[in-house]
Structure formats: structure tokens, C-alpha cells
Amino acid sequence: MLRLESIFPFLNWPRPTGTLLRGEAIAGLTVGLMAIPQGVAYAALAGMPLVTGVYASLLPTLVAALWGGSVRLSVGPTALTCLLVTASLTGLAQPGSAQWVDLAVWLALLSGALQVGLGLVRAGWLLNLVNSPVLTAFTQAAALLIISSQLPAMLGLAGSVSSWAQAGALPPLHAGTLAFGLGSLAALWLARRLRPSFPGVLLVMVGAGALSYLAGFKASGGAVVGDLPGGVPGFHLPGWPGWDTLGTLLVPVAVISLVSFIETAASAKLDNADQHRGWDQNQDLIGQGLAKLASGLSGAFPTSSSFSRSALNLYAGAKTGWANVMAVVLVLVTLLWLLPLLHHVPQAVLAAVVALTVLGLVKPAAFIRIWRTSRVEAAIAAATFGVTLLTAPRMYWGILTGVLLTLSHFLYVRLHPRIIEVGLHADGRLRDRHLWKLPPVAPHTCALRMDAELDFGSASALENAITTYLVDHPDTRNVMLFAQPINRIDATGVEVFGRLRTTLISQGRTLYMVGLKLPVETTLRRVGELPDHPQLRRHATEAEALADVAGREGGIEYHI
């Protein structure tokens, strides 16, 4: 029977006390002061009306805190998710138009429903489809795309980077925009270096807005935030886009759901480790999905967990979900009364906020580390990086390429398991006989170890390895299989094992099974493949098996 707390996780929150709420208020207000300007900046990156960035910091933050498993995560707009929104909708509508907003809402609703569904059926394991090299390559390529997309607004240049390359020259600069862009970038960087918990983003925005007003920046042709509609967001039900358009959104929806939840995982693991508890990824899937639904119904875009704001929340001393409630209160106050403060903020400052935030994702040294770890994974990462850049703005194909290549490599490894002939090393361990140039464990003996499960992917490889050895060594009288690494067997594995056992015994050879694990042994006994037979010998340890075959064949003495 379901407990009420499993349906309403926030019932597990501690009762609020004066001391608790004071500490949570400090953390919540610190994060809220960063979330508001970031939300406006990220809304511009998503091609949405700027106020929707504040909407996405209101109800989604509250809903994720109430129904998520990691209650201290700061949920709202993030750079990577907003870039994916732009990538998904480019060519389908004009950025900022009513149709664009409706399609972005559909992205939020569909990805939210997908995440809630996956969480309810306990499918959080799908997170493992994207490994670290693919994610690293994708995020770094995406970071470069984000930075390049912000350069025109930050430097006061007309057009895009691609148009500059085609023209062969830079367009005229707007001096005021350039000054605000580079000046705010330097101020934000300095504030981050000196004191990460300081609300530098908000202060830089407000200061730039005041300076813009006094200098008449708008009148000189500079682009500013302008009027933002105040008040709480209303209920937004998007119009039906048509089946063709909806089908076009399905792949982006899947990628947004996957990438945004990987963003969540990075923060959630830190949050739960700090509290010395396991991570309930399925509950976070539900909480994040409900947050996306709340964002869509507020007229905003898909949300995710911000690593920087979540880290700031922990750094500021947040202990419970009450800190996010306090942050939501500040966002609400801003929507009701404080939005006019952002009117004169130059849009170059918004671009600088986005560019500096994602600059931390650019880490070339990560590729060197991947190369040193695995050449194959380095090649997959390089392919992911390249496809992401080349397919822009449809850069979600990059991560899909990475996932497909990773799965292909995974299947190749499963179909080509590591099977080695072992010999007794001087250190007392059984090791690769050919690599270490070791003698056989006993005369006329084939001693193999397969480092894989005995299933449909690996069974034929084991059968081929034994058959090939016997062809090359027809005088073999004993076949030893060190089965300690085999922790699972399926129907194909049982069939292949039975065929090998029958063939070897019929040829007058003895089969030694060493270190069979209980699940494998139980399955083989249940189907009658481990009968009592003098030519089928079972041993629990390597020492017993080697002593047995040495006694029969005069092999190497085995010392533990």
C-alpha cells in the first residue's frame, strides 16, 4: 500500500522553525537573486519573450522542490536546455512569435510528460544511455555554439557569425553595446572570482540598467530589455500544432528530456552525497517532469536543474526544500513589483551573463583525459563533438550520434568477450599465459577464463574459442573453464554449455568447471546440465581444480 509521503514527498520536510527558516531564507534569497537575471538572459537564448524566463523560475522551482527527491536543487532555465529549445524550433516558427511560444510550451509539456512517465515506471536507468565522454563532447560543443550565438548581441554586431564569414568582414560596431558587453563580462568574471556567493549577476544588471538610463543608451540605438509584463503568469494552453509538426518535435523532446535529466543528475548526486543518502533518480524524474509541465502551463519553456545555482544553494547553507520556497517568494515579489528595474538593462549584458555562465563548460583537457583512458571512447567523443557543431542548429543530432556509437561499441564488446588462456604467474595468480609467457597449468590441458556473462552475445565466442583450441591441440585431454567472472547465464548460454559438455565427454575429454557462481549453477542444475559424471568435475576454488588436474596429469604445483 502506498504511503501518503510517497505521493507527496514534501510531507517528509522538517517542520519550519524560526531558526530553520532564517537560514533557509538566506540561501533562498541568494539563489533567487541569481535566478531572476539568469532567467531573463536564458529566455533570450531560447528565443522566448524575456519575462518567460522569470515565469520558468516560479512554479517549476516550487513544484520540483515539492515532488522531487533532491529538494535543494535549483530548477528553472538553464543554458543547455534553452539552446536545445532554439535548436528544436529553428525553421518551424519565428523566434519570439506566438507560434514559437506555443511550440516551446509543447516541448515543455511533452518532455515533462515523458519524464513523469519514466519516473512512474522506475525507468531512471535510461540515464545510463549517455556516458561521460558523449556528454562531455556534447556540452562543450554546445557551449561553443552558445557563446558564438551571444557574440553579436554582446559586441553590438549585426547578423551572425556565419554571415560575417560569408561577407569576409565584420559589420560596423555599436560602441555603446560593445562597452556594456565587455564591461559587464569583466565585472561578472571579477565578481565570480572574488566571491562566488555574491549576487554579482543581479548587481551588474541593475548597475548597467542605471548607467544605461543616465547615458541615454536606448535613445542612441542600443538594444535594451524594455517593458516586461508584471504579474503572475496565467494558465497557458497551446494551440494544436498539427500531427506533422508534433512528429517533428518527438526527437527534440527525447533529447531535451535526456539532457536535462543528466544536468539534474550532476547536481542531485552532490546533493544526496552531502546528506549521506542514496539518490532516488525515479523520484527526481517525476519532480523534474512535473516542473516542466508547470513551466509549459505557465507559458514558458522546458526547465532543468542548474548546476551553478544548485551549488550556490548548498554553499549558502540550504538544508531543506524550504530554501527553494524562499527563492520562489523572491521571484513572485519581482514579478509583482520589481520588473521595471530591468527596463533599461542593455541586452548586451544578458548576452554576457549567458556567455560567462557556459564558458566554464569549455574544458579541452577533458578530451585529453578521455584519450588517455580509451581510444575508442575518444573517437566517439570526437564524433559527437563534430556532429554537434556541423548539424547546428539541429545540434541534438550530435548527442544521438554519440548514443548510437556508444551502443554499437557496447554491443561489439558484448559480442567479442575477453577470453584468455591462463597460466600460473609467479605471484600466485592465474594470468594471461601468452601475455606473460607462462607455461600451461598442466600437460594436455586447455585452461580458459571468459570475462563476461554466458549469454546470447558471448556464448558463441566461448564455443569458438574452445573448438579452435582443440583443433590446434588435438592431444588435449582436459578443458578447464574458470567461471568466476560469469555471473549470469541465459537460454542460449545453457544450450551452448550443454553442447560443449556433451561433445567433450563424447570425445573422451574431461571438463572442469571452476568457481561457478550460485545463480549460474542453479540454472544449469535446474535444466539438468550439471549431472554427476566422472568427466564433469566441479571445483569451488582454483587451488582445488589445479591440484586435481596436476594429480591426474602431473602439472605445476599450485601454492596459495
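Whatever comes next refers back to the structure up there.
Chains are numbered independently. Their residues run from 1 in the order of the written sequence. It should be noted that, the model being predicted, local features are given only for residues of pLDDT at least 70 and side-chain atom pairs only at 80 or more, the latter also being counted only at that level, while totals for whole chains, interfaces and linings use all residues. The side-chain figures draw on all heavy atoms in the structure; neither hydrogens nor water molecules are used.

**What about the layout of surface pockets?**
Under the convention used in this document: A pocket, in this scheme, is an open set of points on a 1 Å grid over the protein atoms alone with protein on both sides within 12 Å along at least 5 of 7 lines, while a cavity is a set where a 1.4 Å probe fits but cannot get out; residues line either one if an atom lies within 4 Å of a point. Grid points are joined across faces, edges and corners, and a volume is the space filled by probe spheres set on the points. Strands are runs of DSSP state E lasting at least 2 residues, helices are runs of H or I lasting at least 4, and numbering of each runs from the N terminus. When residue character is reported, Ala, Val, Leu, Ile, Met, Phe, Trp, Tyr, Cys and Pro are called nonpolar, Asp, Glu, Lys and Arg charged, and the others, Gly included, polar.
Taken as a whole, the largest pocket holds about 1500 Å³ of empty space. In this structure, the largest pocket is lined by 48 residues; those nearest its centre are Phe307, Ser308, Thr357, Gly360 and Leu361. Among the elements of the structure, α2 (18-45), α5 (79-89), α7 (132-155), α9 (175-194), α10 (200-215), α11 (243-274), α13 (307-315) and α15 (347-359) are those that each provide at least two residues to the lining of the largest pocket. With 6 residues, the single largest contributor to the lining of the largest pocket is α11. Each residue belonging to the lining of the largest pocket can be placed in one class, and the counts come to 28 nonpolar, 15 polar and 5 charged.

**Focus: the pairing of strand β7 (residues 510-514)**
What counts, and what does not: With a 1.4 Å probe rolled over the protein chains alone, any residue whose accessible area is under 20% of its type maximum counts as buried; one over 50% counts as exposed, and the rest are partly exposed. Pairing between strands is defined by DSSP: at least two bridges between them are needed. Assignment of crossover handedness uses the view with strands pointing away from the viewer, where a clockwise path from the first strand over the helix to the second indicates a right-handed crossover.
By the criterion of burial, β7 is predominantly enclosed, with 5 of the 5 residues buried. Of the two faces of β7, the one holding Thr510, Tyr512 and Val514 and the one holding Leu511 and Met513 are both buried throughout. Here strand β6 (residues 478-482) pairs with β7 via 5 bridges, running parallel. Within β7, the residue paired with phenylalanine 482 across the bridge is valine 514. Considered for its hand, the β-α-β crossover made up of β6, helix α20 (residues 491-506) and β7 is right-handed. Alignment of β7 against strand β8 (residues 536-539), held across 4 bridges, turns out to be parallel. When the bridges of β8 are listed, methionine 513 appears paired with arginine 538. Once you follow β7 into helix α21 (residues 518-526) and on to β8, the crossover reads as right-handed.

**Notes on the pairing of β6**
In terms of residue burial, β6 counts as a mostly covered element, since 5 of its 5 residues are buried. By the alternation rule, side chains of β6 split into Asn478, Met480 and Phe482 and Val479 and Leu481, which are all buried. In the sheet, strand β5 (residues 445-450) pairs with β6 via 5 bridges, with the strands oriented parallel. For threonine 445, the partnering residue across the bridge sits in β6 and is asparagine 478. Assessed by its sense of winding, the connection that carries the chain from β5 through helix α19 (residues 459-472) to β6 is right-handed.

**What to know about the side chain of serine 304**
To keep things clear, this is the line we draw: N or O atoms within 3.5 Å of each other form a polar contact, as long as, within protein, one can give a hydrogen and the other can take it, and as long as residues adjacent in sequence are counted only when both atoms are side-chain atoms. Residue contacts are counted whenever heavy atoms from the two residues lie within 4.5 Å of one another.
Looking at the element boundaries, serine 304 is found in strand β2 (residues 304-305). When its relative accessible area of 0% is taken as the criterion, serine 304 is described as buried. A polar atom in the side chain of serine 304 sits 3.0 Å from the side chain of glutamate 263. Excluding its chain neighbours within four sequence positions, the residues that come into contact with serine 304 are Ser74, Val75, Gly76, Thr78, Thr81, Ser260, Glu263, Thr264 and Gln288.

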